[in-house]
Amino acid sequence: TVAAFDSFRFVIKGGLAGAAVYVAYDQGLLGSSTQGAEALKKAQAALPPAIQEWTSYIGWEVRTLPPTPKFDFSPSDSWNKGVQTVMSALSVAPTRASEYTVEGWKYVKDLVK
């Protein structure tokens, strides 16, 4: 019975994980950066009405909700900045490796003297 319960838990957890991946894909979170930015804007627009509906459903009285935080974040700009940083580091890597090799040889020569 314990093995059956463990396999049942595994199936439930796998189903929840699969559903989460499907929802993320369906909402455009796994697509391009522009799709991710659009999904973020949709979530910001839908969040306050959803909270208001949820609180009225359970009977809580919420007079005013705090404003939704505004994100001044562009996934495409962040992605581009990251790509530029990585490419810059890769472009100077041979020069830096050469410099470090020369410094290493000088250090070894000084130790041998």
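Residues numbered from 1 in each chain as written. Predicted model: local features only at pLDDT ≥ 70, side-chain atom pairs only at ≥ 80, totals over all residues. Heavy atoms only, no water.

Draft legend 1. Molecular detail of the overall build of the chain. For the chain, the helix and strand inventory stands at three helices and zero strands. Reading the secondary structure of the chain in the N-to-C direction produces α-α-α. Taken across its 113 residues, the chain has 5% of its residues classed as buried. Accessible surface for the chain amounts to roughly 10000 Å². Of this, 66% is attributable to carbon and sulfur atoms. (Helix = DSSP H or I, 4+ residues; strand = E, 2+ residues; numbered from the N terminus. Buried < 20%, exposed > 50% of the residue type's maximum accessible area, 1.4 Å probe, protein only. Areas by Shrake-Rupley, 256 points an atom, 1.4 Å probe, with all protein chains shown as cover.)

Draft legend 2. Molecular detail of helix 2 (residues 33-58). In this model, helix 2 (26 residues) spans 36 Å end to end at C-alpha, consistent with the 38 Å of a helix rising 1.5 Å per residue. Helix geometry: helix 2 is bent most strongly at L47, by close to 35 degrees, with proline P48 lying one to four residues after it. Every buried residue belonging to helix 2 is among G36, A39 and T55, and all of these are buried. (Expected span 1.5 Å × (residues − 1). Bend = angle between axes of the 7 residues up to and from the residue.)

Draft legend 3. Spotlight on a nonpolar patch on the surface. Together, W105, Y107, V108, L111 and V112 make up a nonpolar patch on the protein surface, roughly 600 Å² of accessible area in all. Tracing the sequence through the fold places W105 in helix 3 (residues 75-112). (Patch = residues over 30% accessible without salt bridge, like charges linked within 9 Å, V, L, I, M, F, W, Y side chains within 5 Å. Salt bridge = Lys/Arg side-chain N within 4 Å of Asp/Glu carboxyl O.)

Draft legend 4. Structural view of the pattern of salt bridges. Taken as a whole, this structure holds one salt bridge when the rule is applied. Here E99 and R96 are joined by a salt bridge, their closest N and O atoms 3.9 Å apart. Here the residue E99 and the residue R96 both occupy positions in helix 3, the gap between them amounting to three residues, near one helical turn. Accessibility expressed as a relative area gives 37% for E99, which makes it partly exposed.

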